Amino acid sequence: MNLNFETERLLLRPFEKRDASHFYLMNNDEEVMRYTGDVPFESIAAAEDFIEDYTNNPTGQIQKYHMGRLAVIDKTSKEFVGFCGIKTHEASQITDIGYRLLRSQWGKGYATEACHKMLKFAFDHHQKDQIIAHVHEQNIGSQRVAEKLGFQLDHRFLWDGLLPGRYYKLTRDAYYN
Ligand SMILES: CC(C)(COP(=O)(O)OP(=O)(O)OC[C@H]1O[C@@H](n2cnc3c(N)ncnc32)[C@H](O)[C@@H]1OP(=O)(O)O)[C@@H](O)C(=O)NCCC(=O)NCCS
């Protein structure tokens, strides 16, 4: 399965070991992590282990579902920008979209640009009828990305029973019409 993509300014590809130090730094930035519900890596080695498992585990997103969060790379500088991609939840088989960028890369339209590529991949290649997005109630930037892509707020919920979240949906019909 080819999981390499190109947009006007970006490349998307499966994580590689050399991304680990950038991934580690991104996840160590409190501002980046504030609304994600995720935790930092303990070390660069831990990020390397994560990448190894994420890309090669036969039950993981990449190997099992031929999708997943992909590294986003600046096409010109070849620098790591963050990640973006679709993911299928095991129990529900619902597919979501997720994105996270280094703070230095915010505000350039990169998340929206990468997401468009991933939505087309979901709707065209994987023939998904609908993609969802979970966004923290106070994560205005992420809500703006979702809304620019055409996502509609479906309902509010408590993320892990704790954090106030917004549950967004985008159907293939709505995306293409
Ligand atoms: C959310 C995130 C991926 C957005 O990346 P980005 O490349 O800056 O997004 P884009 O430039 O494509 O679009 C961001 C939009 O939100 C707007 N925005 C960002 N922060 C905002 C804020 N605090 N208030 C209002 N609007 C805001 C921007 O102006 C832009 O809208 P515009 O194009 O109409 O001007 C990035 O901020 C990030 O990595 N955040 C931390 C991780 C995270 O929260 N991920 C999402 C988890 S659900």
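Up top is the structure.
In this text, all values refer to a predicted model and were calculated from it rather than measured experimentally.

Moving on to the overall build of the chain. In terms of regular secondary structure, the chain is built from seven helices and eight strands. In terms of principal-axis extent, the alpha carbons of the chain reach across some 40 × 35 × 35 Å. Every one of the 177 residues in the chain was classed for burial, and the buried ones make up 45%. Residue pairs at least 24 apart in sequence account for 57% of intrachain contacts in the chain once pairs closer than 6 positions are excluded. About 9400 Å² of surface is accessible on the chain, with carbon and sulfur atoms providing 49% of the total. The averaged location of the 25 negative side-chain charges in the chain is 5 Å from the averaged location of its 22 positive side-chain charges.

Attention now moves to the packing of aromatic side chains. Going through the model one piece at a time under the given rule, you end up with 15 aromatic pairs. With 5.0 Å between their ring centres and 85 degrees between their planes, Phe23 and Phe41 make a pair best called edge-to-face. Placement of the pair is Phe23 in helix 1 (residues 20–27) and Phe41 in the loop between helix 2 (30–33) and helix 3 (44–56), with a sequence separation of 18 residues. Judged on exposure class, the residue Phe23 and its partner Phe41 are both buried. Pairing Phe157 with Tyr167 gives two aromatic rings, centres 6.2 Å apart and planes at 85 degrees, and the pair type is edge-to-face. Residue Phe157 is located in strand 7 (residues 152–159), and its partner Tyr167 is located in strand 8 (residues 163–171); the two are separated by 10 residues in the primary sequence. Residue classification places Phe157 among the partly exposed residues on the basis of a relative accessible area of 23%.

A separate point is the environment of Arg100. Secondary-structure assignment places Arg100 in strand 5 (residues 95–101). Residues Arg100 and Tyr35 lie 65 residues apart in sequence; the distance between their C-alpha atoms is 11 Å. Ignoring sequence-local partners within four residues, the contact set of Arg100 consists of Met26, Asn27, Val32, Met33, Thr36, Asp38, Gly82 and Phe83. Only 2.9 Å separates the side chain of Arg100 from the side chain of Asn27, close enough to count as a polar contact. Engagement of the side chain of Arg100 in a polar contact is seen with the side chain of Asp38, the distance being 3.0 Å.

Each value, and the rule that gives it
- Residues numbered from 1 in each chain as written.
- Predicted model: local features only at pLDDT ≥ 70, side-chain atom pairs only at ≥ 80, totals over all residues.
- Heavy atoms only, no water.
- Helix = DSSP H or I, 4+ residues; strand = E, 2+ residues; numbered from the N terminus.
- Buried < 20%, exposed > 50% of the residue type's maximum accessible area, 1.4 Å probe, protein only.
- Contact = heavy atoms within 4.5 Å.
- Areas by Shrake-Rupley, 256 points an atom, 1.4 Å probe, with all protein chains shown as cover.
- Lys, Arg positive; Asp, Glu negative; His and termini not counted.
- Charge placed at Lys NZ, Arg CZ, Asp CG, Glu CD.
- Phe/Tyr/Trp six-rings, centres within 6.5 Å; stacked < 30°, edge-to-face > 60°.
- Polar contact = N/O pair within 3.5 Å; in protein donor to acceptor, adjacent residues only side chain to side chain.

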